[in-house]
Amino acid sequence: MEYQAKQNVIPAALKCFQGTAERREGTMGKKRIAAFVACFIFGTVLFGTAGAAEPLVNNGDFEETHAVPEKDSIYKRMEAINFKAESPLVLPEGWTLNLTNSARDGEYRLITDSARAQSGSKCIYLKGHLMTTANFDVNAGDEMEISLYVKNPEKSDIAFYFYCYTKNEEGRLGNIGSLSFREATETEWTKHTKTIKIPEEIKGKKLKVVKAAITSRAGTYVDNITISRKKAE
Ligand SMILES: [Ca+2]
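Rules and cut-offs
- Counting starts from 1 at the beginning of each chain's written sequence and moves along it residue by residue.
- Residues qualify for local features only when their pLDDT is at least 70, as the model is predicted, and side-chain atom pairs are given and counted only at 80 or more; totals for whole chains, interfaces and linings, by contrast, use all residues.
- Numbering goes from the N terminus for both helices and strands, where a helix is a DSSP run of H or I of at least four residues and a strand is a run of E of at least two.
- Exposure criterion: with C-beta atoms placed from backbone coordinates, a residue whose C-beta has 20 or more other C-beta atoms within 10 Å is buried, one with 12 or fewer is exposed, and one in between is partly exposed.
- The contact rule is simple: place each C-beta atom from the backbone, and if two of them lie within 7 Å, those residues are in contact.
- As a per-residue measure, pLDDT reflects the predictor's confidence and takes values from 0 up to 100.
- Residues of type Ala, Val, Leu, Ile, Met, Phe, Trp, Tyr and Cys that are buried and joined through C-beta atoms within 7 Å form what is called a nonpolar core.
- When DSSP finds two or more bridges between a pair of strands, those strands are recorded as paired.

Novice: Could you give an account of the overall build of the protein chain, with specific residues and numbers?
Specialist: What the protein chain contains, in helices and strands, is two helices and 15 strands. Relative to its 233 residues, the protein chain shows a buried fraction of 24%. Within the protein chain, residue pairs in contact and separated by at least 24 positions form 71% of the contacts whose partners lie at least 6 positions apart.

Here it is, written out as C-alpha cells:
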C-alpha cells in the first residue's frame, strides 16, 4: 500500500513540476525577448560607430541546395579524377567542387539528416575541395573572420583557404597564391575560428579578389561556415 501511495504521489509531484517549468518558460520567453531587444539596440549603437563585420558568404550552413543537371561538364571532370559523389550531384547554393588533380580519388556527399547536421538539416562530407562560386573584392587591411564546424569519428583534417587573385587593367584575374589555415578534427562537432587579415600584396602582386574554399585530405564532415569581413578603416 505504501508503495502504491508513493506511485500516486510522484505523478502529482511531476505535474506540479511541469507546471512550474512551463510557467518558467513563459517568463523566460519574455526575458529572452527583452534581452534580444536590448542586444539589438546595444549592437546598433556599438556597430553603428565601430564598423560592423558584414557576412561575406551566404548559405554556409548548406541548407539551400540544387541538383546539378545531368549534362553538366562537372560529371566528366569528376570521372576524370575518380571523384566519388551521388548522382545527381546536389550542391549547396553558392558553392561548387574544385576538381583539381589534388582532389583525385576524393568524395563529396550531402547529408540530409537533422540528427547528423550541426545546423538545420544538412551538412556535407568532403574529401577534396569545395569553393564559393562567387569572387569577393577585398582591400588590404580587411579582417576576415572565419568560423566553421567540423567533425569526424576518425582523425582527420580540415583546411580553410582564400584563393587569392590579382586583377589587371582589363579586369582579368591572375592567381597569386592563397591564405589558409589547417586544423585537426574532433570526434564531435567542434567550432574552429580564425581571423585572416588581407595583405596588400602576395608575391609582389596586389591582392584584389578572393574566393573561399574548404579542403580535407582525409575526408571530414563540415557544416555552418561563416565568413564575415570587417573592412579596413
Ligand atoms: Ca547545416
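Novice: Can you explain the environment of H129? Please cite residues and give values.
Specialist: The residue H129 is located in strand 7 (residues 122–132) in this model. For H129, a count of 21 C-beta atoms within 10 Å translates into the label buried. Setting aside anything within four residues of it in sequence, one finds H129 in contact with L97, N98, T100, A103, A213 and T215.

Novice: Give a detailed account of the confidence of the model for the protein chain, specifying residues and quantitative values.
Specialist: Residues with a pLDDT of 70 or more make up 78% of the protein chain, whose mean pLDDT is 86. When the criterion is pLDDT under 50, residues 1–27 qualifies, and its contacts beyond four places in sequence or with other chains add up to zero contacts. Within the model, pLDDT remains below 50 along residues 45–49, and this stretch shows one contact once partners closer than five positions in the same chain are excluded.

Novice: Residue-level account of the nonpolar core, with values.
Specialist: The biggest cluster of nonpolar side chains holds 38 residues, and the ones touching the most others in it are L148, I214 and V222. Discounting chain neighbours no more than four positions away, the residues touching V222 are C123, I124, L126, L148, V150, I158 and I214.

Novice: Please give an account of the pairing of strand 6 (residues 107–112) that cites residues and values.
Specialist: Examined bridge by bridge, strand 3 (residues 84–85) and strand 6 share two bridges and lie parallel to one another. Considered in strand 6, the bridge of A85 is made with Y108. Pairing geometry for strand 6 and strand 7, over six bridges, is antiparallel. Paired with E107 across the two strands is K127, which belongs to strand 7.

Novice: Which residues make up unusual backbone geometry, and what are the values?
Specialist: In this model, S87 is joined to P88 through a cis peptide bond whose omega is 0°. For P88, the location among the structural elements is in the loop between strand 3 and strand 4 (90–92). A positive phi angle, near 60°, is found at D105, a position not held by glycine. Within the element layout of this structure, D105 appears in the loop between strand 5 (95–97) and strand 6. Phi at K203 takes a positive value of approximately 50°, unusual for a residue other than glycine. Residue classification places K203 among the exposed residues on the basis of 9 C-beta atoms within 10 Å.

Novice: Tell me about the environment of A117, and please be specific about residues and values.
Specialist: By the element assignment, A117 lies in the loop between strand 6 and strand 7. For A117, a count of 21 C-beta atoms within 10 Å corresponds to the buried category. Linking A117 and W189, residues 72 residues apart in sequence, is a C-alpha distance of 9.1 Å. Residues contacting A117, with those up to four places away along its chain left out, are I111, K122, C123 and D223.

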